[in-house]
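Close look at the chain arrangement
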Amino acid sequence: MKRITTIEEYHTEYAKSVKNPEAFWAEQAADFTWRKPWKEVLEWNFEKAETKWFVGGKLNITENCLDRHLANRGNQTAILWEPNSPLEEARKISYSELHTMVCRMTNVLAQNNIKKGDRVCIYMPMVPELAVTVLACARIGAIHSVVFAGFSAKSLSDRINDSECKMLITADGGFRGNKTTPLKDIADEALLSTPSIETVLVHKRTEQNINWTEGRDKWLHSELAKVDANSVATEMDAEDPLFILYTSGSTGKPKGVVHSTAGYMVYADYTFRNVFQYKEGETFFCTADVGWITGHSYIVYGPLLAGATSLMFEGIPTYPDAGRFWEIIDKHQVNIFYTAPTAIRSLEAAGLDFVKPYKLDSLRVLGSVGEPINEEAWEWYNHNIGKGRCPIVDTWWQTETGGILISPLAGITKTKPSFATLPLPGVQPILVDSDGKEIVGNGVEGNLCIKYPWPSIIRTTYGDHERCFTNYFATYKGLYFTGDGCKRDEDGYYRITGRVDDVLNVSGHRLGTAEIENAIDEHPLVIETAVVGYPHDIKGQGVYAYIICSGEIADEDKLKKEINETVTKIIGPIAKPDKIQLVKGLPKTRSGKIMRRILRKIAENDMANLGDTSTLLDPDVVADIVKGRV
Ligand code: WTA
């Protein structure tokens, strides 16, 4: 596939992609292995939340990730795995070995009654077998639903039940820093209320003691020993679903974002090669977890489609110390490094002594993803990690977009700290005001929408297409609404300013305020909760919870601890409030709606801009809350 190499070429390609999107994407899709060619490049109707790409085309994405590479790079490392402990040996899995592993795993799925279209839930640590199971699902045509291994039993069972998964693939436990996560125990608890699960495959990692349900639970290594390595990939339709990934919205429970096969494939590959300017033979290190979209698109699919070496890291950035990322970069001679601003800020806070011992001279490109990167963190990253010679790509995108939409092309687009800069070819952003009217020109700010489909746009929310429509296509007629606010400066550069809805971005993790409120409300003493975000030095946003309790609370600290435990149990530790304030009342309108704007201002300590509070049901509550701010 062609790669853009100059800014002039970017502008020409961009113009082509807008003038004739179908011809543009047909050209990008031509180099893949197709079993049957497509009949129509694109059919779409945003008013029904419908998009189809490469209609009628038949393929299997794993033939493009694996089989296609065997002749030319069978011996090249596909997955380079760095374990949690630096004392354990790294694993290098070549394309041909990975192909064999995936084929065997596919046969295990088949032997355990998994068929095309079945949903398989994956709840695993960051080990190569996680990538193998993801690819094996894709090879047999089962829809994978990876659940981040930091989520609680309740979150896991909710996700399993929403898409009625037939199988769960997990591990005995997972290593993270000096802790282990008892994944099988958590899964066992989830499995008490998941009637659709028939089989549980367990990968052995920590060798800790676990409980066993005969007939349901099976060791993965024993199952793998029973099958051979011949597997023919299932022929999939271009629009057959590839995976479901649950993500938080502003209302209700997390929704299952569905991506389909061909469009996702073409876009993951195109963006990987162009944004990072990937060059043959380079090692790419994305620090995300495969439990999030970044891991799906830029640890597994994008790099493997492009035939790159993808570094997969099991551990955390601060174990055994805050130099771990830098040590890994030197050890494996990483060329492209892709991480989140929250990690950059926390490693900056740890101090330069953790950076100094490392050369970092293999690095060529740096990337950032998941939340707005503040100028200060951008400069630190640029200066201390990139040594001023590595372009930084600040990549803006979402679970729903499947791949990067707005980003510099490394070394080609002139960067500006904290700007995601320009849309990629095929992406047509538009800023609108609250009435949906287009804001034209430069030096403006508005709600970020996209007016034309790109190949990896969300296809539906699992089991509830209406929800997909309402969430993304109903706010502004005929447009995909991102939920983000955005500035376009004098140069036409885009700067994402953050969510304009009730979604928080805590350490790059997406959380709905409603979801956290519902979890806190489970505590028996809690009557009502309102959660907002506030600026946090390391996490980007912190969680601030205003809580009304019943009766007098004798021990506030104990209550706060219990609330944290409740949230951990219902969602997971990532959603724990950073600040809890007990209040007597919440600012409500006469119709009973909580005025979050006021609560946000108080949490931000911006009392000068509380705005008009006179229309509240009980204006006095505001003064009380301000007084009790924590
Ligand atoms: C935010 C992660 C600013 C944004 C890939 C978006 C960003 C949400 C950036 C999606 C960026 C992601 N600059 N904000 N470079 N990248 N975001 O679904 O608010 O976990 O809507 O996907 O993260 O989060 P999600």
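None of these values were measured; they are calculated from a predicted model. (Residues numbered from 1 in each chain as written. Predicted model: local features only at pLDDT ≥ 70, side-chain atom pairs only at ≥ 80, totals over all residues. Heavy atoms only, no water.)

**Re the overall build of the protein chain**
The number of helices and strands found in the protein chain is 18 helices and 30 strands. What you see for the protein chain is a C-alpha radius of gyration of 24 Å, in line with the 25 Å of a compact globule of 630 residues. C-alpha extents for the protein chain along the principal axes are approximately 75 × 60 × 55 Å. The buried share of the protein chain, taken over its 630 residues, is 60%. Total accessible area on the protein chain is roughly 23800 Å²; 49% of this is exposed by carbon and sulfur atoms. Taken as two groups, the 71 positive and 83 negative side-chain charges of the protein chain have centres that lie 2 Å from each other. (Helix = DSSP H or I, 4+ residues; strand = E, 2+ residues; numbered from the N terminus. Rg over C-alpha atoms; globule rule 2.2 N^0.38 Å. Buried < 20%, exposed > 50% of the residue type's maximum accessible area, 1.4 Å probe, protein only. Areas by Shrake-Rupley, 256 points an atom, 1.4 Å probe, with all protein chains shown as cover. Lys, Arg positive; Asp, Glu negative; His and termini not counted. Charge placed at Lys NZ, Arg CZ, Asp CG, Glu CD.)

**Topic: the domain arrangement of the protein chain**
Structurally, the protein chain comprises domain 1 (7–424) and domain 2 (503–627). Centre-to-centre separation of domain 1 and domain 2, based on C-alpha positions: 33 Å. Tallying the contact residues gives 24 residues for domain 1 and 21 residues for domain 2. Here domain 1 meets domain 2 over a buried area of about 1600 Å², counting both sides, of which 48% is carbon and sulfur. (Domains from an automatic or database assignment. Contact = heavy atoms within 4.5 Å. Buried area = accessible area lost by both parts, 1.4 Å probe.)

**Thoughts on the sheet that holds strand E19 (residues 365–369)**
One open sheet holds the seven strands; their spatial order is E5-E4-E17-E16-E18-E19-E20, and the pairing between them is mixed. A strand with exactly one partner marks an edge of an open sheet, and here the two such strands are strand E5 (91–94) and strand E20 (392–395). In this sheet, neighbouring strand axes are inclined to one another by 20 degrees on average, regardless of whether the strands run parallel or antiparallel. Strand direction decides the pairing type here: strand E16 (residues 283–286) and strand E18 (residues 336–339), joined by three bridges, are parallel. Bridge assignment links Cys286 to a residue of E18, and that residue is Tyr338. The sheet contacts of helix H4 (residues 95–111) involve strand E4 (77–82) and E5, and relative to E5 the element is tilted by about 85 degrees. (Pairing = 2+ DSSP bridges. Axes fitted to C-alpha atoms, helices over the stretch in contact; angles between N-to-C directions.)

**Brief notes about empty space enclosed by the protein**
Tallying each qualifying case throughout the model produces three cavities of 30 Å³ or more. Considered as a void within the structure, the largest cavity measures approximately 50 Å³ in volume. Lining the largest cavity we find Val146, Val147, Phe148, Phe151, Arg159, Leu245, Tyr246, Gly291 and Trp292. Residues belonging to the lining of the largest cavity are distributed by class as follows: seven nonpolar, one polar and one charged. Its boundaries defined by the atoms lining it, the second largest cavity holds a volume of some 40 Å³. Lining of the second largest cavity is provided by Lys2, Arg3, Ile4, Glu9, Glu13, Gln28, Tyr270 and Asn274. (1 Å grid on protein atoms, 1.4 Å probe; cavity = no way out; pocket = protein on both sides within 12 Å on 5 of 7 lines; lining within 4 Å. Points joined across faces, edges and corners; volume = space filled by probe spheres on them. Nonpolar A, V, L, I, M, F, W, Y, C, P; charged D, E, K, R; others polar.)

**Brief notes about the sheet that holds strand E25 (residues 494–499)**
Spatially, E21-E22-E24-E25 is the arrangement adopted by the four strands of the open sheet, whose pairing is antiparallel. The open sheet has two free edges, formed respectively by strand E21 (429–432) and E25, since each of these has just one partner strand. Here the strands of the sheet are splayed against their neighbours by 45 degrees on average, with no regard to which way each runs. Direction of pairing for E21 relative to strand E22 (residues 444–450): antiparallel, over a ladder of four bridges. Bridge pairing in E22 places Val432 opposite Asn447.

**As for the pattern of salt bridges**
Counted according to the given criterion, the structure contains 44 salt bridges. Where Lys331 meets Glu82, a salt bridge forms, and the shortest distance between an N and an O atom there is 3.0 Å. One end of the pair, Lys331, is in helix H11 (residues 324–332); the other, Glu82, is in strand E4, with 249 residues separating them in the sequence. Glu82 sits in the buried class, given a relative accessible area of 0%. (Salt bridge = Lys/Arg side-chain N within 4 Å of Asp/Glu carboxyl O.)

**Comments concerning the layout of surface pockets**
Space inside the second largest pocket adds up to approximately 380 Å³. Elements with a minimum of two residues in the lining of the second largest pocket: strand E29 (540–549), strand E30 (579–582) and helix H18 (620–627). The residue makeup of the lining of the second largest pocket, split by class, is eight nonpolar, four polar and four charged.

**Structural notes on the pairing of strand E24 (residues 480–488)**
Taken across its nine residues, E24 has eight buried, putting it largely inside the fold. As paired strands, E22 and E24 are joined by six bridges and run antiparallel to one another. Bridge pairing links Glu445 to Lys487 in E24. Here five bridges tie E24 to E25, and the two strands are oriented antiparallel to one another. The residue bridging Arg488 from the neighbouring strand is Tyr494, located in E25. Between E24 and E25, which pair antiparallel and follow one another directly, the connecting turn spans five residues, one of which, Gly492, has a positive phi of 80 degrees.

**Examining a negative patch on the surface**
Residues Asp162, Glu164, Asp464 and Glu466 make up a contiguous surface patch of negative charge. Of note, Glu466 is situated in helix H14 (residues 465–473). By relative accessible area, Glu466 is classed as exposed at 52%. (Patch = residues over 30% accessible without salt bridge, like charges linked within 9 Å, V, L, I, M, F, W, Y side chains within 5 Å.)

**Details of the side chain of Glu517**
Looking at where Glu517 falls in the secondary structure, it is placed in helix H15 (residues 513–521). Take Glu517: its relative accessible area is 9%, and that puts it in the buried class. Among all residues touching Glu517, those that are not within four sequence positions of it are Thr529, Ala530, Val531 and Arg596.

**Side note on the side chain of Thr106**
If you trace the backbone, Thr106 turns up in helix H4. At 2.6 Å, the side chain of Thr106 forms a polar contact with the backbone oxygen of Val102. Look past the residues within four positions of Thr106 in its chain and what remains in contact with it is Ala136, Arg139, Ile140 and Ser231. (Polar contact = N/O pair within 3.5 Å; in protein donor to acceptor, adjacent residues only side chain to side chain.)

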